[in-house]
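Chain by chain, the residues run as shown.
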Amino acid sequence: MCLAIPALIESIKNEEADVDMGGITRRISLRLTPQAKVGDYVIVHTGYAINILDQHEARETLKLFEQLAKAAEEER
Amino acid sequence: MKFLSEFRDAGLAKGVVSQIHRRSKTPARFMEFCGGHTATILRYGIRQVLPATIEMLSGPGCPVCVTANADLDKAIALAQMPGVIVTTFGDMLKVPGSHSSLQKIKAEGADVRMVYSTMDAIHIAEENPSKRVVFLGIGFETTAPTVAASILYAEEKYLKNYYVLSTHKLCPPVIKALLASGEVNLDGLICPGHVSAVIGSRAWDFIARDYAIPCVVSGFEPLDVLQCVDMLVTQVEEGNSKVEIAYRRGVRPEGNPEALRLMHEVFEPCPAQWRGMGTIPDSGLKLRSTYQRFDAECAFDIDPGPTREPQGCICGDILRGVKTPLDCRLFGNSCTPEDPVGPCMVSSEGSCATYYLYGRNSGR
Ligand code: SF4
């Protein structure tokens, strides 16, 4: 029910945006994230962007996983 | 998909799993509030890779499952009125009410339509000016702002035939009720990611403070959940109880202020009836009087008659975390996703449906 997935904003017209969701283009509402821009990733829930995805934080989290995986590998 | 598949990488998971094993010494019970987390945990076999010190418990975070029969009956009664179209999200169609389901009465001729978004419901109202279109508003704080937005759209478009039956529920009050009951003892709470995207991680401060329970907001991919468990374990071992975020790409301490503003503009808190938990004060949302003309409760004379609970179904106990689907005698016998007895077998985030689907991963 609270399912939401990241999508890339390709174009914006008024309050609506066309987003790329893994190769499929979907029209969504930006009513809840009026500050979203083309090129942003937004988290989409039932046709609305409920937040802008923080790409910097996403990369930082992945970096952390990579470091941990590397450390675990070296321990063996 | 970018920012999605990376967080499912089994190779990346190894490091955090071994860190959890290294750190976890004290036995700990963690509850995942959200049915979406239960689904991730069972689908990816997360219980199997965790150390024996950690016990995982499912919570009441499935909006479909906690919807009371009385509310379902209202929606069904509305759909049986002439000239009414009832619209809602797909998950709701199959849920059995006291006597029928939206899907059954649809097969019998009622105009019930599944929509992907509240914007679709608005379009249906625009295309059917001679009909009255009711959206069955269900969901937590993730969804309520989108329903609020639809009411604002209806107002801006001067739509006179769009209504909402609000059965929305709020998460912090139910967790508070659950903890206050003393029925479950927790050492950590996996807080819902997309609810928190809207209300912010600060909304959980009171749990860490008043109940001394570590809280970590998690995303829904397997790496998110593992990171969350690792952070909870660290808090347990260090004797901390604070609110942290394991889903920083999606959740900020303050949430989404614009979504909150719209939600509070249209709705106000009210008491709500939860399946298995009874009525909890200020745990629901009703339309403010300014928007009363969109409120299906006011616009229609709804009389669904007395409610009846499904015989033998223990959904209520499962939602409170005191039983698991494996304790239900009907599970997998007379209750299956094709022919569900209770709502927990319907929703893709219901514990019973998840256990049925990924049963091999449910044991410990
Ligand atoms: S298995 Fe079916 S009857 Fe049993 S608790 Fe789950 S939904 Fe209810």
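All figures in this text were calculated on a predicted structure; none of them were measured in a lab.

**Section: the layout of surface pockets**
There is about 800 Å³ of room inside the largest pocket. In terms of lining residues, the largest pocket is bounded by 42 residues, among which A:Met1, A:Cys2, A:Leu3, A:Ala4 and B:Glu349 are the most central. Of all the secondary structure elements, the ones that give two or more residues to the lining of the largest pocket are strand 1 (5–13) and strand 4 (41–45) of chain A together with helix 2 (35–43) and helix 16 (351–357) of chain B. Take the lining of the largest pocket: its biggest share by element is 4 residues, from helix 2 of chain B. The class makeup of the residues in the lining of the largest pocket is 25 nonpolar, 9 polar and 8 charged. When residues of the lining of the largest pocket are assigned to domains, at least three fall in each of domain 1 (1–309) and domain 2 (315–358) of chain B. In this structure, the second largest pocket occupies an estimated 330 Å³ of space. If you go around the second largest pocket, you meet 17 residues; those closest to its centre are B:Pro96, B:Gly97, B:Lys104, B:Pro340 and B:Val341. Across the lining of the second largest pocket, the residue classes tally to 4 nonpolar, 7 polar and 6 charged.

**Description of the interface of chain A and chain B**
One widely used convention gives an interface's size as the accessible area the parts lose upon coming together. At the interface, 43 residues of chain A touch 50 residues of chain B. The contact between chain A and chain B buries some 4,100 Å² in all, and 64% of this surface belongs to carbon and sulfur atoms. When the buried area of chain A at its contact with chain B is split by residue, A:Met1, A:Arg31 and A:Phe65 rank highest and sum to 20% of it. Our count for the contact surface shared by chain A and chain B stands at 2 salt bridges. When the shortest N-O distance is used, the salt bridge between A:Arg31 and B:Glu156 registers 2.7 Å. Applying the counting rule to chain A against chain B returns 15 residue pairs in polar contact (both at pLDDT 80 or more). For the side of chain A that touches chain B, the secondary structure elements donating two or more residues are strand 1, strand 2 (16–21), strand 3 (24–29), strand 4, strand 5 (48–52) and helix 1 (55–75) of chain A. With 13 residues, the top contributor of residues to the side of chain A that touches chain B is helix 1 of chain A. Here the side of chain A that touches chain B is built from residues that sort into 24 nonpolar, 9 polar and 10 charged.

Conventions used here
- Residue positions are given per chain, counted from 1 along the sequence in the order it is written.
- Following the order in which they are written, the chains are lettered starting with A and the ligands numbered starting with 1.
- Note on the predicted model: pLDDT of at least 70 is required for a residue's local features to be given, and 80 or more for side-chain atom pairs to be given and counted; whole-chain, interface and lining totals, by contrast, use all residues.
- Each side-chain value is worked out from all heavy atoms of the structure, with water and hydrogens disregarded.
- In the cavity and pocket records, a cavity denotes points on a 1 Å grid over the protein atoms alone where a 1.4 Å probe fits but cannot get out, a pocket denotes an open set with protein on both sides within 12 Å along at least 5 of 7 lines, and lining residues are residues with an atom within 4 Å of a point.
- Grid points are joined across faces, edges and corners, and a volume is the space filled by probe spheres set on the points.
- Each helix is a run of H or I in the DSSP string that is no shorter than four residues. Each strand is a run of E no shorter than two, and both are numbered from the N terminus.
- The nonpolar class holds Ala, Val, Leu, Ile, Met, Phe, Trp, Tyr, Cys and Pro. Asp, Glu, Lys and Arg form the charged class, and all remaining residues, Gly among them, are polar.
- Source of the domain bounds: an automatic or database domain assignment.
- We call two residues contacting when some pair of their heavy atoms lies within 4.5 Å.
- Buried area, as used here, totals the accessible surface that two parts lose on assembly, with accessibility defined by a 1.4 Å probe and the loss added over both.
- We define a salt bridge as a side-chain nitrogen of Lys or Arg found within 4 Å of a carboxyl oxygen belonging to Asp or Glu.
- Two N or O atoms count as a polar contact when they lie within 3.5 Å, although within protein this holds only if one can serve as hydrogen donor and the other as acceptor, and sequence-adjacent residues are included solely when both atoms are side-chain atoms.

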